[in-house]
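Here is how the chains run, residue by residue.
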Amino acid sequence: MAYTILKNGSVVQTIPPYRVTHDVDVVIQDDLIVEVAKNASSKYPEATVYNMSGKLILPGMVCSHHHYYSGLSRGMLVNSGPQNDFIQILKEWWWRVDRSLDEEATYYSSLICSLDAVAAGTTTCIDHHASPSFIEGSLETIAKGMREVGLRGATCYEMTNRNGGLEEVKRGAKENVDFAKSVDEVRRKGQKPLVEAMVGGHAPFTICNEGLEVMKDAVDQSGRGIHLHIAEDIYDVAHSHHMYHQDIVDRLDSFGLLSDKSLLVHGLYLNDNEIGKMNEKGVFLAHNPRSNMNNHVGYFSKLQSVNNLLLGTDGCGGNMFEEIKLAFFKHRDNGGSWWPSDFVEVLTRGNTLLEKYFMEQFGKIAPGYKADITMLDYHSPTPFVDDNIATHIVWGMSSNAVDSVMVEGKMIMNHREFDLDVERIYAKAAEVASRVWKKVDTLSAH
C-alpha cells in the first residue's frame, strides 16, 4: 500500500453544506482518501508528501458532456456554406469535421482534450464521440488518450442513421457494446477502470425507431445508460411530433431508454411533462451554456426544474471554471433566480453520475472518497469562509489558479507540469489538424 499526503492545505467541500477547513493534511492510500485532519502526516513517515501550504484542495471538477472529436477544430480554416440555422451549422461544420477523423486524428484529439481539461483543473470528462469514417476501435482510441494523460473519463459512440442508414446505427451500437465489454473485462481481472462506457446516440431526429430498438438492445447488453442530445433546437421537437406524433421524452421512454444511468444533453425545448418524467426516472441532464450561445439555439429557461442537472461544455473545451461563470451570468441575464451556490451544486453533481458507473464515492475530500483532487494557488483579497465559497468559485477563481491535479491518487499534473512530452504532443496535433482541415474542405455538407 502506498500513501500520499497533501500537507497543510485548506480543504474545500463543494457539496452543500459548503465548508473550508484550513491547515489540514489529506492522507491518500492508493486511490482513496483515508484521513483528513491536522498534523495527520506524522502517522505516515513513509508517505510521499506534497506541501500544500497556502493552497486550496477541492474535489476534482467533472465535465459532464464533452465532444473529443472537436479537439482539432480550434481556429479551423475551411470553406463553408451558409449557417443560418442549427441544421446548417451541423451540416456545414460539425458533420464535416467528424467525417474527416481517422484513428490518428481521434487519438490526438483525445490527448489534446485531456491535457487541456487537466490543465484547467478538470479530473473527469464524459465524452460523446463521432467519427463515421472510423467507428470500430474509436472508443478504445479515445480511452487510450485519456489513460495516457491520466484523466478519468467515460466515452460512447453516438449512433445515428444520418450517413449510412440502419447499418450505421448497428455499427455504432456494436462499438458501444464492445467497449463496454472491454471495461467489464478490466473489472473481472480485479482492476479498476479509469475510463467507463456509455451507450451513445446523436439526437432523436437522426435515429429512426428501428435505431432506438438497436440502442435499447445495446443498453441491455452493456448494462449502461444512454448519452444522447435532446431538444437542443426546436427542430428536434418538431421532427418528433411530425414523424412520430410524440414528445421526445415519451418516444425515448416508449423504448425503455430512460433510467438513472441515462444522460440527456441540452433540453432547451423540453416541456414540463417531459421534465417531470425525467425527474421521475432519475435521468441526468447536462446544461451547456457556451455551446447554446455559440449555436444561437436559445436559452434553457427550465433548468431550475431539473432535479439531476449537470454542467457540460458540448465540446467547448474542458474548462469548468469558464463554464460555471457563463452558466451563472447567462442565467442572471435571462432573469433566473439561482445564485453561485446553486451552480456549484450543479457542477459538483457530476460526481453523482460517476458513482453510478464507477461504483465508488466521488466529490468530497473525506475518508472513503476517491482521490480525484484539484489544487489551487488562489489568492483572495477578501475572507474565504464557508458562506462565500461558491461566490469565490464563480467570481474569483479561474483555471489560471490551478496548480496541481490528482486522479486516482496519482499526481498527473504537479505545479502545472505533466510527466509527458507536452510540446511534442501539441506539435504533432497541429500537424494532424492541418491534414484534417484539408479533408474537411473536400467534403460536401450533404
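What comes next concerns the included structure. Just so it is clear, the model here is predicted, and its values are computed rather than measured.

1. Here we look at the overall build of the chain
Helices and strands together make up the secondary structure of the chain, namely 14 helices and 18 strands. Projected onto its principal axes, the C-alpha coordinates of the chain cover approximately 65 × 45 × 45 Å. Sequence-distant contacts in the chain: of pairs separated by 6 or more residues, those separated by 24 or more amount to 74%. Counting every atom, the chain has about 17400 Å² of accessible surface; 49% of that belongs to carbon and sulfur. Across the chain, the centroid of the 43 positively charged side chains sits 2 Å from that of the 59 negatively charged ones.

2. A few points about the side chain of Glu232
Looking at the secondary structure, you find Glu232 in the loop between β11 (226–230) and α6 (234–244). Buried and unpaired, Glu232 has Arg162 as its nearest opposite-charge partner, separated by 10 Å. Side-chain polar atoms of Glu232 contact the side chain of His266, separated by 3.3 Å.

3. Regarding helix α2 (residues 103–119)
For α2, which comprises 17 residues, the first-to-last C-alpha distance of 24 Å matches the rise-based estimate of 24 Å (1.5 Å per residue) to within 8%. By the criterion of burial, α2 is predominantly enclosed, with 14 of the 17 residues buried. Taking the backbone nitrogen of Glu104 as reference, a side-chain oxygen 3.3 Å away marks Asp102 as the first, capping residue of α2. Positive backbone phi, approximately 95°, marks Gly121, located one or two places after α2.

4. Some thoughts on the sheet that holds strand β14 (residues 309–311)
The five strands lie next to each other as β10-β11-β12-β13-β14, forming an open sheet whose pairing is parallel. Two strands in the sheet have a free side with no partner beyond their single neighbour: β10 (199–201) and β14. Ignoring strand direction, the axes of neighbouring strands in this sheet form an average angle of 25°. In this sheet, β14 lies alongside strand β13 (residues 284–287) in parallel orientation, the contact comprising three bridges. Looking at β14, one finds that Leu285 is bridged to Leu309.

5. Comments concerning the nonpolar core
Formed by 116 residues in total, the largest nonpolar core has its most connected members in Met215, Ile230, Leu252, Leu264, Leu285 and Leu376. At 10 residues, α2 tops the list of elements feeding residues into this core. Ranked by size, the runner-up nonpolar core spans 15 residues in total, among them Val62, Ala154, Leu263 and Leu310.

6. Section: the sheet that holds strand β9 (residues 195–197)
Here we have four strands laid out as an open sheet, ordered β6-β7-β8-β9, and parallel in their pairing. Edge positions in the open sheet fall to β6 (61–66) and β9, since each of these has one partner strand only. Taken pair by pair, the neighbouring strands of this sheet meet at an average axis angle of 15°, ignoring direction. Examined bridge by bridge, strand β7 (residues 122–127) and strand β8 (residues 152–155) share three bridges and lie parallel to one another.

7. Points about helix α12 (residues 350–358)
Burial in α12 covers these residues: Gly350, Asn351, Leu353, Leu354, Tyr357 and Phe358. Viewed along the axis of α12, the buried residues span an arc of 155°, placing them on a single side of the element. Taken from the residues just after α12, Met359 is the one with a positive phi, measuring 60°.

8. Focus on the pattern of salt bridges
This model, assessed by the stated rule, comprises 33 salt bridges. Lys370 is the salt-bridge partner of Glu360, the closest N and O atoms lying 3.1 Å from each other. Taken together, the residues Glu360 in the loop between α12 and β15 (373–376) and Lys370 in the loop between α12 and β15 connect sequence positions 10 residues apart. Here the salt bridges do not stand alone but share partners, grouping Asp31, Arg152, Lys192, Glu360, Lys370, Asp372 and Glu408 into one network.

Conventions adopted
Residues numbered from 1 in each chain as written. Predicted model: local features only at pLDDT ≥ 70, side-chain atom pairs only at ≥ 80, totals over all residues. Heavy atoms only, no water. Helix = DSSP H or I, 4+ residues; strand = E, 2+ residues; numbered from the N terminus. Contact = heavy atoms within 4.5 Å. Areas by Shrake-Rupley, 256 points an atom, 1.4 Å probe, with all protein chains shown as cover. Lys, Arg positive; Asp, Glu negative; His and termini not counted. Charge placed at Lys NZ, Arg CZ, Asp CG, Glu CD. Buried < 20%, exposed > 50% of the residue type's maximum accessible area, 1.4 Å probe, protein only. Salt bridge = Lys/Arg side-chain N within 4 Å of Asp/Glu carboxyl O. Polar contact = N/O pair within 3.5 Å; in protein donor to acceptor, adjacent residues only side chain to side chain. Expected span 1.5 Å × (residues − 1). Pairing = 2+ DSSP bridges. Axes fitted to C-alpha atoms, helices over the stretch in contact; angles between N-to-C directions. Core = buried A, V, L, I, M, F, W, Y, C linked by side-chain atoms within 4.5 Å. Arc of directions from axis to C-beta.

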